[in-house]
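# Reading the structure
Chain by chain, the residues:
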Amino acid sequence: MPDWSQAGEDLRRVVAESFEFRAQAPEAAANGAWWDAEGTLLPIRRRLTAGAWREAAVLLVFHPGHERASGDGLDRAVRPHVLLTERAAVLANHPGEVAFPGGSRDAADVDVVHTAVREAAEEVSLHAEALRVLGPLPPAPLPISSFIVTPVLAVAENLGVLVPEAGEVERVFSVEVEALSDPRNRYSTVLRRGRQVFRGPAFVIDGTLVWGFTAVLLDRLLDRLGWARDWDPSREIDPRDYQLL
């Protein structure tokens, strides 16, 4: 797993690669192909026609963790962490689920980068001045709600004091990337609704389940960054064992 200095280089490389992909295959990129190379975990059920999908953006903020004490003193390798939120249990949609800061694009937003940064400020009081935005990644479709979501990569040396938005965010926390890549924390979620079976990647970190769209983005991004490790997808869990759907 890279230390913080190497992580920044990897993140910038992925942004550059995503821009190149969009230049070479703009239609495929617009339809989510960058996130669904294998055609399995992020199914596109219909073409993303103009006006049929709503725009949204999420902010993927990576930041350094604290130095960790070891038996021989201090481990000076500062490891990358990623910022996550837990949605409030009172919300009508996806209550209690783990997500990235983000939301729908407003008419006043200049672009989707503006959307992601604005939503992070509103949801967790993350100030734009603390961020160095590396750029947007290609959009990813969320067919169940007809959203087309643009993940925006950013880094921050110091997140400042984060305050969850009352009624929207239950808590804000960070997860070490090394924990996400640990095969012991990797699972496949299996959710059965009628005759349909939904499968996807998942992470369980200190008893907290990360699944659904957020887990798909993390799974794909770990692969793109070269940070993924082999894990056993036959390890299955039911997300209803962790939270109310």
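Residues numbered from 1 in each chain as written. Predicted model: local features only at pLDDT ≥ 70, side-chain atom pairs only at ≥ 80, totals over all residues. Heavy atoms only, no water.

## Some remarks on the environment of glutamate 157
Applicable threshold: To qualify as a helix, a DSSP run of H or I must reach at least 4 residues; to qualify as a strand, a run of E must reach at least 2; elements of each kind are numbered from the N terminus. Accessibility here uses a 1.4 Å probe with only protein chains present; expressed as a share of the type maximum, an area under 20% marks a residue as buried, one over 50% as exposed, and anything in between as partly exposed. Pairs of residues are marked as contacts when any of their non-hydrogen atoms sit within 4.5 Å. Whenever a nitrogen or oxygen atom comes within 3.5 Å of another N or O atom, the pair is scored as a polar contact, on the condition that within protein one atom can donate a hydrogen and the other can accept it, and that pairs from neighbouring residues in sequence are kept only if both atoms are in side chains.
Secondary-structure assignment places glutamate 157 in the loop between strand 9 (147-155) and strand 10 (169-176). Relative accessible area serves as the criterion here: at 58%, glutamate 157 is assigned to the exposed category. C-alpha separation for the pair glutamate 157 and leucine 131, spaced 26 residues apart in sequence, amounts to 8.0 Å. In contact with glutamate 157, not counting residues within four places along its chain, are Trp4, Pro64 and Ala130. At a separation of 3.0 Å, a polar atom in the side chain of glutamate 157 contacts the side chain of tryptophan 4.

## A word on the pairing of strand 11 (residues 186-193)
Cut-off, in case you're wondering: By definition, two strands form a pair when at least two bridges between them are found by DSSP.
Across the 8 residues of strand 11, 6 count as buried, placing the element largely inside the fold. Relative to strand 12 (residues 196-205), strand 11 runs antiparallel, the two being bridged by 8 bridges. Across the sheet, arginine 192 pairs through a bridge with valine 197, a residue of strand 12. From the end of strand 11 to the start of strand 12, which pair antiparallel, there are 2 residues, and glycine 194 there has a positive phi angle of about 65°. Strand direction decides the pairing type here: strand 11 and strand 14 (residues 236-237), joined by 2 bridges, are parallel. What sits directly across from threonine 189, in strand 14, is isoleucine 237.

## A look at the pairing of strand 12
Bridging between strand 12 and strand 13 (residues 208-210) involves 3 bridges; their strand directions are antiparallel. Within strand 13, the residue paired with isoleucine 205 across the bridge is threonine 208. Counting the residues that bridge the hairpin from strand 12 to strand 13 gives 2 residues, and of these aspartate 206 lies at a positive phi of roughly 50°.

## A look at unusual backbone geometry
Positive phi is not limited to glycine here, since serine 125 has a value of about 60°. The residue serine 125 is located in the loop between helix 3 (112-124) and strand 7 (132-136) in this model. The exposure class of serine 125 is partly exposed, given its relative accessible area of 24%. Unusually for a residue other than glycine, aspartate 206 sits at a positive phi of about 50°. For aspartate 206, the location among the structural elements is in the loop between strand 12 and strand 13. Accessibility expressed as a relative area gives 80% for aspartate 206, which makes it exposed.

## Focus: helix 5 (residues 212-225)
The criterion, for reference: Take the residue count of a helix, subtract one, and multiply by 1.5 Å to get its expected span.
For helix 5, which comprises 14 residues, the first-to-last C-alpha distance of 20 Å matches the rise-based estimate of 20 Å (1.5 Å per residue) to within 8%. Along helix 5, the residues that are buried comprise Phe213, Thr214, Ala215, Val216, Leu217, Leu218, Asp219, Arg220, Leu221, Leu222 and Leu225. Taken from the residues just after helix 5, glycine 226 is the one with a positive phi, measuring 80°.

## Observations concerning helix 3
Here helix 3 spans 18 Å end to end across 13 residues, near enough to the 18 Å set by a 1.5 Å rise per residue. Of the positions making up helix 3, those classed as buried are Val112, Thr115, Ala116, Val117, Arg118, Glu119, Ala120, Glu123 and Val124. At the N-terminal boundary of helix 3, the capping side chain belongs to aspartate 111, with an oxygen 3.2 Å from the backbone nitrogen of valine 113. Two residues or fewer past helix 3, serine 125 is found with a positive phi of approximately 60°.

## Here's the deal with the packing of helix 1 (residues 4-24) against helix 5
Filter applied, for reference: A fitted line through C-alpha atoms represents every axis, and for helices the fit uses only the stretch in contact; the resulting angles, taken between N-to-C directions, go from 0 to 180 degrees. Here the angle decides the label: under 35 degrees means roughly parallel, over 145 means roughly antiparallel, 65 to 115 means roughly perpendicular, and every other value means oblique. Gly is put with the polar residues, along with every residue not named as nonpolar or charged; the nonpolar set is Ala, Val, Leu, Ile, Met, Phe, Trp, Tyr, Cys and Pro, and the charged set is Asp, Glu, Lys and Arg.
At a minimum axis distance of 9 Å, the contact between helix 1 and helix 5 shows a crossing angle of 100°. Judged by the inter-axis angle, helix 1 sits roughly perpendicular to helix 5. Residues Asp10, Leu11, Arg13 and Val14 of helix 1 lie in contact with helix 5, whose contacting residues are Leu221, Arg224 and Leu225. Along the lines of polarity and charge, the residues of the contact of helix 1 with helix 5 split into 4 nonpolar, no polar and 3 charged.

## A look at the nonpolar core
Note the cut-off: Take the buried Ala, Val, Leu, Ile, Met, Phe, Trp, Tyr and Cys residues and link them wherever side-chain atoms come within 4.5 Å; each set so joined is a nonpolar core.
In terms of nonpolar packing, the biggest core is built from 38 residues, with Phe62 and Leu153 touching the most fellow members. Dropping the residues within four chain positions of it, leucine 153 is found in contact with Leu11, Val15, Leu60, Phe62, Val133, Leu134, Gly135, Leu137 and Leu221. Core analysis: the next-biggest nonpolar cluster, separate from the first, contains 15 residues, Ala57, Val117, Leu126 and Val152 among them.

## Re the environment of valine 152
Looking at the secondary structure, you find valine 152 in strand 9. The spatial distance from the C-alpha of valine 152 to the C-alpha of valine 61 is 8.3 Å, given a sequence separation of 91 residues. Discounting residues that sit within four places of it in the chain, valine 152 has contacts with Val58, Leu59, Leu60, Val112, Val113, Ala116, Val133, Gly135 and Pro136.

It is worth stressing that arrangement in space is one thing and function is another; only the former is reported here.
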